[in-house]
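Summary of structural features
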Amino acid sequence: MQDFDHVRAWIFDLDNTLYPPEADLFAQIEARMTECVMRALDVDRIEADRLRQDYWGRYGTTLAGLMAEHDLDPVPYMADVHDIMLDHLLVDPLLAARIAALPGRRIVFTNGSAAYADRVLRARGLDHVFHAVYGVEHAGYRPKPERVAFDAVIALDGIAADRAAMFEDMSRNLVAPHEMGMRTILVSPVAETAPHIHHHTTDLSDFLSRLA
């Protein structure tokens, strides 16, 4: 695809992007988030679920809301919510080969922790194809979709935004990359038409095969 001839930095989200949504890891994570909110704020499950979703909507992540409104320590929280089972994730050698074939820097940027991302990548057989893995901690716990989160990771990695492509499963997380001059790809079962989305795919591996 000519749209990508200039791209020399390939940025991938993790959850529901580098593994299929059917794996449903977020069901486990959300359950652990709710438990953390219940303990931290001494509220019942119904209120914890309400707060979890409210903070996600207003702050980008539940953690960002907890930090802003309750001064929560992010380190034990991140370790707790990501302590999930990954045994049903499958190794994907074809996806690994197609990512490895991309020219230039290949990195992961997730609103989860880098430690969690490393576990998922190993389970998928993708741990050897990326040059760097960045978690929300690398952006000072400022999450996507905030522009400052992308600015922080771009600066840390030393790449040029106008020569980068961003793969994401959430449309709102592509707004800032589009503004920064990146090529944007929505990886989702549901198509969405918006000015900040250049491409949509339901199959990341197939999409990458067409970039060769």
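One can find the structure itself at the top, above this paragraph.
Attention now moves to the packing of helix α1 (residues 25-41) against helix α3 (residues 62-70). At a minimum axis distance of 12 Å, the contact between α1 and α3 shows a crossing angle of 10°. On the basis of their axis angle, the class for α1 and α3 is roughly parallel. Contacts between α1 and α3 involve Met33, Val37 and Leu41 from the first element and Thr62, Leu66 and His70 from the second. Grouping the constituent residues of the contact of α1 with α3 by class yields four nonpolar, two polar and no charged.

Strand β5 (residues 183-187) sits mainly inside the fold: five of its five residues count as buried. Burial of the side chains of β5 extends over both faces: Arg183, Ile185 and Val187 are buried on one face and Thr184 and Leu186 on the other. The pairing of strand β4 (residues 164-168) with β5 spans four bridges and is parallel. What sits directly across from Glu168, in β5, is Leu186. The sheet contact formed by β5 and strand β6 (residues 199-201) spans three bridges and is parallel. When the sheet's bridge partners are listed, Ile185 is paired in β6 with His199.

This next bit is on the packing of aromatic side chains. According to the stated counting rule, one finds seven aromatic pairs in the structure shown. On the numbers, 4.5 Å between centres and 5° between planes, the contact of Phe12 with Phe167 is stacked. Of this pair, Phe12 sits in strand β1 (residues 9-12) while Phe167 is found in strand β4, placing the two residues 155 residues apart along the sequence. Overall, Phe12 belongs to the buried group, its relative accessible area being 0%. Centre to centre, the rings of Phe167 and Phe207 are 6.2 Å apart; their planes meet at 80°, and the pair counts as edge-to-face. One end of the pair, Phe167, is in strand β4; the other, Phe207, is in helix α9 (residues 204-209), and 40 residues separate them in sequence. The same class applies to Phe167 and to Phe207, which are both buried. Taken together through their ring pairs, the aromatic side chains of Phe4, Trp10, Phe12, Phe130, Phe167 and Phe207 make up a single cluster. Sitting over the ring of Phe109, Lys144 keeps its end group 5.0 Å from the ring centre. Sitting over the ring of Trp56, Arg172 keeps its end group 3.7 Å from the ring centre.

The next subject is the sheet that holds β5. Here we have six strands laid out as an open sheet, ordered β3-β2-β1-β4-β5-β6, and parallel in their pairing. At either margin of the open sheet sits one strand with a lone partner, and together these are β3 (132-134) and β6. With direction set aside, neighbouring strand axes in the sheet form an average angle of 20°. Its contacts with the sheet place helix α7 (residues 147-157) against β1, β2 (105-109), β3 and β4, and it is angled at close to 145° to β2.

Conventions we followed
Residues numbered from 1 in each chain as written. Predicted model: local features only at pLDDT ≥ 70, side-chain atom pairs only at ≥ 80, totals over all residues. Heavy atoms only, no water. Axes fitted to C-alpha atoms, helices over the stretch in contact; angles between N-to-C directions. Helix = DSSP H or I, 4+ residues; strand = E, 2+ residues; numbered from the N terminus. Parallel < 35°, antiparallel > 145°, perpendicular 65-115°, else oblique. Contact = heavy atoms within 4.5 Å. Nonpolar A, V, L, I, M, F, W, Y, C, P; charged D, E, K, R; others polar. Buried < 20%, exposed > 50% of the residue type's maximum accessible area, 1.4 Å probe, protein only. Pairing = 2+ DSSP bridges. Phe/Tyr/Trp six-rings, centres within 6.5 Å; stacked < 30°, edge-to-face > 60°. Lys NZ or Arg CZ within 6 Å of the ring centre and 35° of its normal.

These figures come from the coordinates and say nothing about function on their own.
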